[in-house]
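Coordinate analysis (summary)
Residues per chain, in single letters:
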Amino acid sequence: MYYLKNAIYGLLIGVANAIPGVSGGTMAVILDIYDDIMFSISRTKIKSHLKFLVPLAVGAVVGIFALSKVIVGAMESHPVILNFCFIGLVIGSMPALYKKTRGDERTAIKPRNWLFFALALGVMIIMCIVNPDAIANKSLEEMGGLDALLMARLFICSGIAMIAMMLPGLSGSLIMLLLGIYGVVMEAVATLNIGVLVPVMLGVAAGGILGVKVIKNMLRFHPQVLYCAILGLMVGSIFVIWPGFASGLEGILAAAGFVAFTAAAYFLSSKK
């Protein structure tokens, strides 16, 4: 049962990653396993946590590859319903996340830590204001071909995107889009352009190592600062994926999905 539960959690994280603009980190926070994942990923501890990480990873891979087409299809045909379901997940997890931010009932959130909430929320609002469609989404040929400068840019931007993907509320693909490398990376994936993929994968690896180290240190020494920032990112993610309202049956189903997923998230996040 333990393995099945973790595989299902991984599946949900994978599905979240398949939704444009949505972060798998957000789903990990909703499921209350974000801390567990961060502390399990290290050279000294990873072997002792394989029973937790392996089914989680398998579920995530299945979620990304097996269900991505379904999710993307639903995103194209019923975006309002799908996004309202995800907004319900975010809102339903807020009480538990706020409680975790405080630490315990006797601890208040320090006023200065609300600054990190505001900064994180501001980042998400800026992303909402910036129109991704207006950002140059150039191909490799339009960028003038692969050279040392482009390889360095791919490495740095991929690292930033990886760190962003580890933070709840931020989407790695959206960061790539905002940094102007999404088009060339997707083209390289489709054509298996090794010359482009190598600096991208090296950047992802470097970003993952750095991101895990920074986040783990924050969880150990400044947990309230980190969770205030996460709270801001998650609140801000609502603005990024807000689909507007729909009328008729679409609107009714969106409202029903919102209520159902809010209740489900509240139940899941308050159980641990």
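Scope of this entry: the structure provided in the associated data block. Here the structure is a predicted model, which means the values were calculated and not measured.

1. Some thoughts on the nonpolar core
Membership of the largest hydrophobic core comes to 38 residues, with the highest contact counts inside it found for I13, I33, Y34, I37, I230 and M234. Broken down by element, this core gets its largest block of residues, eight residues, from helix 11 (residues 223-241). Residues within four places of I37 in sequence aside, it is in contact with I13, A28, F52 and L56. Counting residues in hydrophobic clusters, the runner-up holds 20 residues, among them L150, I175, V184 and A188.

2. A word on the packing of aromatic side chains
Within the structure shown, the criterion is met by six aromatic pairs. Where W242 meets F245, the ring centres are 5.2 Å apart and the plane angle is 85°; that geometry is what we call edge-to-face. For W242, a relative accessible area of 42% puts it in the partly exposed group. For F245, a relative accessible area of 72% corresponds to the exposed category. Members of the aromatic cluster, each reached through a chain of ring pairs, are F84, W242, F245 and F258.

3. Topic: the packing of helix 10 (residues 194-221) against helix 11
Interaxial distance between helix 10 and helix 11 falls to 5 Å at its minimum, and their mutual angle equals 120°. In terms of their interaxial angle, helix 10 and helix 11 are classed as oblique. Residues I215, M218, L219, R220 and F221 of helix 10 pack against P223, V225, L226 and Y227 of helix 11. Residue composition of the contact of helix 10 with helix 11, grouped by class: eight nonpolar, no polar and one charged.

4. Observations regarding a nonpolar patch on the surface
There is a patch of nonpolar side chains on the surface, built from F155, I156, I160, I194, V198 and L202 and spanning about 550 Å² of accessible area. Among the secondary structure elements, those contributing two or more residues to the nonpolar patch are helix 7 (148-166) and helix 10. Looking at the secondary structure, you find I160 in helix 7. I160 sits in the partly exposed class, given a relative accessible area of 41%.

5. Some points on helix 9 (residues 182-191)
For helix 9, every residue scored as buried is listed here: G183, V184, V185 and A188. Looking one or two places after helix 9, you find L192, whose phi comes out positive at around 50°.

6. Re the packing of helix 5 (residues 79-102) against helix 11
Interaxial distance between helix 5 and helix 11 falls to 10 Å at its minimum, and their mutual angle equals 165°. By the angle between their directions, the pair helix 5 and helix 11 is classed as roughly antiparallel. Every pair of crossing elements has a handedness; the one defined by helix 5 and helix 11 is left-handed. In contact with N83, F86, I87, V90, I91, S93, M94, L97, Y98, K100, T101 and R102 of helix 5, helix 11 contributes Q224, Y227, C228, I230, L231, M234, V235, S237, I238 and I241. Across the contact of helix 5 with helix 11, the residue classes break down as 15 nonpolar, five polar and two charged.

7. Comments concerning helix 10
Given a rise of 1.5 Å per residue, 28 residues ought to cover 40 Å, and the 40 Å separating the end C-alpha atoms of helix 10 matches this to within 8%. Looking only at helix 10, the buried set comprises V196, L197, P199, V200, G203, G207, G208, G211, V212, I215, K216 and L219. Lining the buried residues of helix 10 we find helix 3 (34-40), helix 7, helix 9 and helix 11. With a side-chain oxygen positioned 3.2 Å from the backbone nitrogen of G195, the residue opening helix 10 is N193.

8. Some points on unusual backbone geometry
For D32, which is not glycine, the phi dihedral falls at a positive 60°. Summarising the element assignment, D32 is placed in the loop between helix 2 (24-30) and helix 3. Positive phi outside glycine occurs at L192, with the angle close to 50°. Mapping L192 onto the fold places it in the loop between helix 9 and helix 10. Given the relative accessible area of 62%, L192 is considered exposed.

Criteria and cut-off values
Residues numbered from 1 in each chain as written. Predicted model: local features only at pLDDT ≥ 70, side-chain atom pairs only at ≥ 80, totals over all residues. Heavy atoms only, no water. Core = buried A, V, L, I, M, F, W, Y, C linked by side-chain atoms within 4.5 Å. Buried < 20%, exposed > 50% of the residue type's maximum accessible area, 1.4 Å probe, protein only. Helix = DSSP H or I, 4+ residues; strand = E, 2+ residues; numbered from the N terminus. Contact = heavy atoms within 4.5 Å. Phe/Tyr/Trp six-rings, centres within 6.5 Å; stacked < 30°, edge-to-face > 60°. Axes fitted to C-alpha atoms, helices over the stretch in contact; angles between N-to-C directions. Parallel < 35°, antiparallel > 145°, perpendicular 65-115°, else oblique. Nonpolar A, V, L, I, M, F, W, Y, C, P; charged D, E, K, R; others polar. Patch = residues over 30% accessible without salt bridge, like charges linked within 9 Å, V, L, I, M, F, W, Y side chains within 5 Å. Areas by Shrake-Rupley, 256 points an atom, 1.4 Å probe, with all protein chains shown as cover. Salt bridge = Lys/Arg side-chain N within 4 Å of Asp/Glu carboxyl O. Left-handed = near helix turned anticlockwise from the far one by under 90°. Expected span 1.5 Å × (residues − 1). Polar contact = N/O pair within 3.5 Å; in protein donor to acceptor, adjacent residues only side chain to side chain.

Take it as geometry only, folks, not as evidence of what the structure does.
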